[in-house]
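# Chain and residue survey
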Amino acid sequence: MSLPIFTSGTTSNEGCTLHFTSILPATGETGKPLLIFVPGGSGHSTQYLDIMPHLTSKFQPATFSRRQHGLSTPLPGTSFVYLNPAQQARDILAVADALGFGTQKLYLFSSSGGGVISFQLAATHPERVAHLIAHEMPCAALLPDSDKVLNFIFAVHAAYLADGEAAAYNLFLPHFPGYDGLPRMAGAAEGDEERFLKYELLPLSLYTPDLRRAKENGVSVAFTYGKLSRDASFVRSTIELA
């Protein structure tokens, strides 16, 4: 069995360079669909590289760093901006186009805020989505205690504005069971965590895609969450979505 061959590249879309990584099919293999892993908060792609080789028998796996994270940086003369779910859904299509899948249906695995973005794509471009798996997708508006959850999110953002990144994460992370002990980002991802607080926390927490439209368009969807996440708000929203 040959070792997987990772390939990386970039494409540009709407003022940003998008950095992606994929595993090329073995020589002579054709016709496998594209499976894109869509990162959540802090948007860095390296978290998926270990699992991608295990999926090559059925898919061409790929992932990318979302705009303004990792190596996906704004083009010269372009500023950092607040997350726009519709724009980032178009980024998924731009990556698929760059990998040669411009007219084909995609398979998507999305985590956390990546689920919000992927659902936006499923609602607006259902002809491009074959199947979507959403892991721990945050949709606070669907929760019975949505007022409490949203108050907490705004408190975290206020802590960031008043006292900085560390103060905000000291408030935020205890409400994220299952992520205990994970190393903080460094290297190419350094700065991603602060950009998440500054530009993404509120949009991803407040925006709910048109879930009904995705269903009416016949998009195949599955929801999942981690056992160690217990009863976190993003687990409860996953249950509401299902």
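Above: the structure in question.
In this text the structure is predicted, and so the values were computed from the model without any measurement. (Residues numbered from 1 in each chain as written. Predicted model: local features only at pLDDT ≥ 70, side-chain atom pairs only at ≥ 80, totals over all residues. Heavy atoms only, no water.)

Here we come to the overall build of the protein. Scanning the protein for helices and strands turns up seven helices and seven strands. Overall, the protein shows an N-to-C arrangement of helices and strands of β-β-β-β-α-β-α-β-α-α-α-α-β-α. Taken against the 2.2 N^0.38 rule, which gives 18 Å for 242 residues, the C-alpha radius of gyration of the protein at 18 Å falls within 12% of a compact globule. Along the first, second and third principal axes, the C-alpha set of the protein runs to 55 × 40 × 35 Å. Looking at the protein as a whole, 47% of its 242 residues qualify as buried. Sequence-distant contacts in the protein: of pairs separated by 6 or more residues, those separated by 24 or more amount to 73%. Surface accessibility of the protein: about 11800 Å² in total, with carbon and sulfur atoms responsible for 56%. Here the protein contributes 17 positive and 21 negative side-chain charges, whose respective centroids are spaced 6 Å apart. (Helix = DSSP H or I, 4+ residues; strand = E, 2+ residues; numbered from the N terminus. Rg over C-alpha atoms; globule rule 2.2 N^0.38 Å. Buried < 20%, exposed > 50% of the residue type's maximum accessible area, 1.4 Å probe, protein only. Contact = heavy atoms within 4.5 Å. Areas by Shrake-Rupley, 256 points an atom, 1.4 Å probe, with all protein chains shown as cover. Lys, Arg positive; Asp, Glu negative; His and termini not counted. Charge placed at Lys NZ, Arg CZ, Asp CG, Glu CD.)

On to the sheet that holds strand S2 (residues 16-23). Overall, mixed pairing links the seven strands, which are arranged S1-S2-S4-S3-S5-S6-S7 in an open sheet. Each end of this open sheet is capped by a strand with a single partner; those strands are strand S1 (6-13) and strand S7 (220-224). Along the sheet, successive strands turn relative to each other by an average axial angle of 20°, direction set aside. Bridge count for strand S6 (residues 129-135) against S7 is five bridges, and the pairing is parallel. Counted as the bridge partner of Ile 133 is Ala 222 from S7. Packed on one face of the sheet, helix H1 (residues 85-98) meets S1, S2, strand S3 (34-38), strand S4 (60-64) and strand S5 (106-111) and runs near 130° to S1. (Pairing = 2+ DSSP bridges. Axes fitted to C-alpha atoms, helices over the stretch in contact; angles between N-to-C directions.)

This brings us to the packing of helix H3 (residues 146-163) against helix H5 (residues 192-206). Where H3 meets H5, the closest approach of the two axes is 10 Å, and the angle between their N-to-C directions is 160°. The pairing of H3 with H5 is recorded here as roughly antiparallel in orientation. For H3 against H5, the interelement crossing comes out left-handed. Residues Leu 150, Ile 153, Phe 154, Val 156, His 157 and Tyr 160 of H3 touch H5, and the partners they reach there are Glu 194, Leu 197, Lys 198, Leu 201, Leu 202, Ser 205 and Leu 206. (Parallel < 35°, antiparallel > 145°, perpendicular 65-115°, else oblique. Left-handed = near helix turned anticlockwise from the far one by under 90°.)

Another point: the environment of Arg 195. Structurally, the position occupied by Arg 195 is in helix H5. Take Arg 195: its relative accessible area is 19%, and that puts it in the buried class. Linking Arg 195 and Thr 56, residues 139 residues apart in sequence, is a C-alpha distance of 33 Å. A distance of 2.6 Å separates the side chain of Arg 195 from the backbone oxygen of Gln 68, its partner in a polar contact. (Polar contact = N/O pair within 3.5 Å; in protein donor to acceptor, adjacent residues only side chain to side chain.)

To continue, consider the nonpolar core. Membership of the largest hydrophobic core comes to 45 residues, with the highest contact counts inside it found for Leu 34, Ile 36, Ile 92, Leu 106, Leu 108, Phe 172 and Leu 197. The residues touching Leu 197, leaving out its near neighbours within four places in the chain, are Val 156, His 157, Tyr 160, Glu 165, Ala 168 and Tyr 169. Formed by six residues, the second largest nonpolar core is a distinct cluster that contains Ile 23, Tyr 48, Met 52 and Phe 59. (Core = buried A, V, L, I, M, F, W, Y, C linked by side-chain atoms within 4.5 Å.)

This part covers the pairing of S5. Where a strand is regular, its side chains alternate between the two sheet faces. As judged from the four bridges shared by S3 and S5, these two strands associate in the parallel manner. Residue pairing across strands places Phe 37 opposite Phe 109, the latter belonging to S5. The parallel pair S5 and S6 is bridged by helix H2 (residues 113-124), and the resulting crossover is right-handed. (Right-handed = clockwise from strand over helix to strand, strands pointing away.)

Here we take up H3. Under the 1.5 Å per step criterion, the end-to-end length of H3 is 25 Å for 18 residues, consistent within 8% with the ideal 26 Å. Taken together, the buried residues of H3 touch helix H4 (165-172), H5 and helix H7 (233-241). Positive backbone phi, approximately 100°, marks Gly 164, located one or two places after H3. (Expected span 1.5 Å × (residues − 1).)

Take the side chain of Asp 192 next. One can find Asp 192 in helix H5. A relative accessible area of 0% means that Asp 192 is categorised as buried. Here Arg 195 takes part through its side chain, which lies 2.6 Å from a polar atom of the side chain of Asp 192.

Per the counting criterion, the structure on display carries six salt bridges. Measuring nitrogen to oxygen at the nearest pair gives 2.5 Å for the salt bridge that ties Arg 90 to Glu 14. With Arg 90 in helix H1 and Glu 14 in the loop between S1 and S2, this pair connects stretches of sequence that are 76 residues apart. (Salt bridge = Lys/Arg side-chain N within 4 Å of Asp/Glu carboxyl O.)

This paragraph deals with the environment of Gly 77. Inspection of the secondary structure assignment puts Gly 77 in the loop between S4 and H1. Judged by relative accessible area, Gly 77 falls into the exposed class, the value being 84%. C-alpha separation for the pair Gly 77 and Ser 65, spaced 12 residues apart in sequence, amounts to 20 Å.

Attention now moves to unusual backbone geometry. For Gln 68, which is not glycine, the phi dihedral falls at a positive 75°. Along the chain, the position of Gln 68 falls in the loop between S4 and H1.

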